[in-house]
Amino acid sequence: MSPKPTCHLIRPESTYEGKQGLTYFAGIAAETVGASGICMHMLTMPPGARAKAHMHESHETAIYVLSGEVHTWYGDRLEHHIVVKAGDLFYIPAGVPHLPANLSGAPSSAVIARTDPNEQESVVLLPELDALVAGS
């Protein structure tokens, strides 16, 4: 018999290195609290930081930017570009390639939630797209 589910408090103090090339603060996930349908963590991108092109194959992503701004290229060939700023909510559908970069001189922090309860399981790197965005 499995234990009865209970509430958990997570203070995002520990970090982990994501496949995307960024450092995340550990949050709500299967690995930390036994989540079965959601993952939520925090990310602070220092000035000049950039992720590797990637997608989350079968999972949606929702982002709330707390501070700063991040440029994000998205689409099959990263042909679309948007600047997501503090106070913005940004949605990335499952299977959409994307590449975020902090091109500003200040850090940018965000809360990120995905429908994948595992912190990194659905990350699919797309190295063939990295060179499509200047500065690779």
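About the criteria used
The numbers attached to residues start from 1 for each chain and follow its sequence in the written order. Confidence filtering applies because this is a predicted model: local features only for residues at pLDDT of at least 70, side-chain atom pairs given and counted only at 80 or more, and all residues used for totals across whole chains, interfaces and linings. In computing side-chain values, all of the structure's heavy atoms are included and hydrogens and water are not. Here, nonpolar core refers to any group of buried Ala, Val, Leu, Ile, Met, Phe, Trp, Tyr and Cys residues whose side-chain atoms link them within 4.5 Å. To sort residues, take the accessible area from a 1.4 Å probe on protein chains only and compare it with the maximum for the residue type: under 20% means buried, over 50% means exposed, and anything in between is partly exposed. We call two residues contacting when some pair of their heavy atoms lies within 4.5 Å. Helix and strand definitions follow DSSP, with helices as H or I runs of at least four residues and strands as E runs of at least two, each counted in order from the N terminus. Paired strands, in this sense, are two strands between which DSSP finds at least two bridges. Only residues whose relative accessible area exceeds 30% and that form no salt bridge are eligible for patches; like-charged ones are grouped when within 9 Å, while nonpolar side chains (Val, Leu, Ile, Met, Phe, Trp, Tyr) are grouped when within 5 Å. Here, Shrake-Rupley sampling with a 1.4 Å probe gives the accessible areas, and only protein chains in the shown set may cover a residue. Throughout this description, the term salt bridge denotes a Lys or Arg side-chain nitrogen within 4 Å of a carboxyl oxygen of Asp or Glu. Axis definition: a line fit to C-alpha positions, over the contact stretch in the case of helices; interaxial angles, taken between N-to-C directions, run 0 to 180 degrees.

Undergrad: Which residues make up the nonpolar core, and what values go with them?
TA: Counting 17 residues, the largest nonpolar core has Leu22, Tyr24, Leu43, Met45 and Ile63 as its most contacted members. Ignoring anything within four residues of it in the chain, the contact list for Leu22 reads Tyr16, Glu17, Leu43, Met45, Ala49, Arg50 and Ala51. Of all hydrophobic cores here, the second largest spans nine residues; its members include Ala53, Met55, Leu99 and Leu126.

Undergrad: Break down the pairing of strand S10 (residues 108-114) for me, with residues and values.
TA: Across the seven residues of S10, six count as buried, placing the element largely inside the fold. Examined bridge by bridge, strand S5 (residues 61-67) and S10 share six bridges and lie antiparallel to one another. Across the sheet, residue Ser67 finds its bridge partner in S10, namely Ser109.

Undergrad: Give me a nonpolar patch on the surface: which residues, what numbers.
TA: On the surface, a nonpolar cluster with roughly 310 Å² of combined accessible area is contributed by Tyr64, Leu66 and Leu89. Residue placement: Leu89 occurs in strand S8 (residues 89-92).

Undergrad: Quick one: what's the story with the sheet that holds strand S1 (residues 15-17), residue by residue and with numbers?
TA: One open sheet holds the six strands; their spatial order is S1-S2-S3-S10-S5-S8, and the pairing between them is antiparallel. The sheet is open, and its two edges are formed by S1 and S8, each paired on a single side. With strand direction ignored, the average angle separating the axes of adjacent strands in the sheet is 30°.

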